[in-house]
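Here is how the chains run, residue by residue.
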Amino acid sequence: MNLSHVDLTRSCAPSARPSSISLLREATRTGLAERGFRDASPSEADLTLVDVLDDDLGAPLAEAELEGLRACRGPLVVRVHATPGDHAPSACLRVLLGRADAVIVSTRSHLVRLGSAGLLVADRTNLIAPAAPILRGDAAPSAGAGALVLGAQLPEALELAFGELSLDHSLLGPETQDAGAARRLGAVAGRHALLVVTSTAHAEDGVLAAVCGQLGRALVAPGGVDLAWQPHCFPVGSSPSVQDWVEALSAGLGASLAASNIEHTASDQLDRLARVLSRATRRKDCPQASAA
């Protein structure tokens, strides 16, 4: 099957683009290629997979992006990614979801959010946790020092927590390229003792948690039950105080972790995605479903 990938997540401000986007898009391309999906231009594709952010910027799509969507004659599948903040879905997202033949969301909370806004139709909506790329490294990663923060800037409470613990840290903004994003992150993370994510929406899809598990690194991030049950993850609340950060960072630094193998989990998620894409059909009630 010929598949066109359209990435609308780059239309937003870099600070709003989750750090996991390039990782999950890399895993998607690799995983779908292994399942018989071939990259194609929009005009030659049997279907189009669009990645878009649920942000509040409301910027209209560029003409080149619109042309890419219009060119696809097959079904339009839209995968929506959460971003931080309590905001109404943008007009652009509303139009795109209204045209979609199928919609994919990554978390139950985001499913409820979009459903409550009246943007989802049950029989066209799929809940699929995105797969993380597989990083094959040493079973016992080399020791690192300090924290790697995935984000463009530090919240004040986290900066104070680093000072209280005398913990060195580095900032790594969102990746700008999908290909090789996992390898680059793995190389940088290997020089640090733990990874820190500052936004709930940037951690809850599970991609960064999976990558940290493979690397044998602790992950400190705002999150809920999905992160709490994983032994290498140390969640804080959605609005963490200095003390919350201090306790989570201390726990992460004190953890004894080994790299894990999660290939079966990634395979299951990619199998589900492949099934959704393979079964997608054009809606009879929307003859121009791929023109947003």
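The present account deals with the structure reproduced in this document.

Definitions and cut-offs
- Residues numbered from 1 in each chain as written.
- Predicted model: local features only at pLDDT ≥ 70, side-chain atom pairs only at ≥ 80, totals over all residues.
- Heavy atoms only, no water.
- Helix = DSSP H or I, 4+ residues; strand = E, 2+ residues; numbered from the N terminus.
- Buried < 20%, exposed > 50% of the residue type's maximum accessible area, 1.4 Å probe, protein only.
- Contact = heavy atoms within 4.5 Å.
- Areas by Shrake-Rupley, 256 points an atom, 1.4 Å probe, with all protein chains shown as cover.
- Arc of directions from axis to C-beta.
- Pairing = 2+ DSSP bridges.
- Axes fitted to C-alpha atoms, helices over the stretch in contact; angles between N-to-C directions.
- Parallel < 35°, antiparallel > 145°, perpendicular 65-115°, else oblique.
- Nonpolar A, V, L, I, M, F, W, Y, C, P; charged D, E, K, R; others polar.

**A few points about the overall build of the protein**
The helix and strand tally for the protein stands at 10 helices and 11 strands. Considering the protein as a whole, with its 292 residues, one finds that 51% of them fall into the buried category. Residue pairs at least 24 apart in sequence account for 75% of intrachain contacts in the protein once pairs closer than 6 positions are excluded. Put simply, the protein shows about 13,100 Å² of open surface, and 51% of that area lies on carbon and sulfur atoms.

**Examining helix α6 (residues 181-189)**
Those residues of α6 that sit buried are Ala181, Ala182, Leu185, Gly186, Val188 and Ala189. Seen along its axis, α6 keeps its buried residues to an arc of 165°; they face one direction. At its buried positions, α6 is contacted by α1 (21-34), β7 (147-150), β8 (169-172), β9 (194-197) and α7 (207-215).

**Topic: the pairing of β7**
Going residue by residue along β7, you find Ala147 and Val149 tucked away on one face and Leu148 and Leu150 tucked away on the opposite face as well. Across 4 bridges, β7 lies against β8 in parallel orientation. In the sheet register, Ala147 faces β8, and the bridge partner there is His169. Two elements, β7 and β9, share 4 bridges in a ladder whose sense is parallel. Paired with Ala147 across the bridge in β9 is Leu194.

**Quick look at the sheet that holds strand β2 (residues 38-39)**
If you walk across this open sheet you meet the 6 strands as β2-β1-β3-β4-β5-β6, and the pairing is parallel. The outermost strands of the open sheet, each flanked by one partner alone, are β2 and β6 (125-127). In the sheet, strand β4 (residues 76-82) pairs with strand β5 (residues 102-105) via 4 bridges, with the strands oriented parallel. Note that in β5 the partner of Arg79 across the bridge is Ile104. Of the strands in this sheet, β1 (2-7), β2, β3 (47-54) and β4 touch α1, which is tilted by about 175° from β1.

**Some points on the packing of α1 against α6**
Where α1 contacts α6, the two axes come as close as 8 Å, and the packing angle between them is 130°. It follows from the interaxial angle that α1 and α6 lie oblique. On α6, the residues that touch Ser22, Leu23 and Glu26 of α1 are Ala181, Ala182 and Leu185. Of the residues belonging to the contact of α1 with α6, the class tally is 4 nonpolar, 1 polar and 1 charged.

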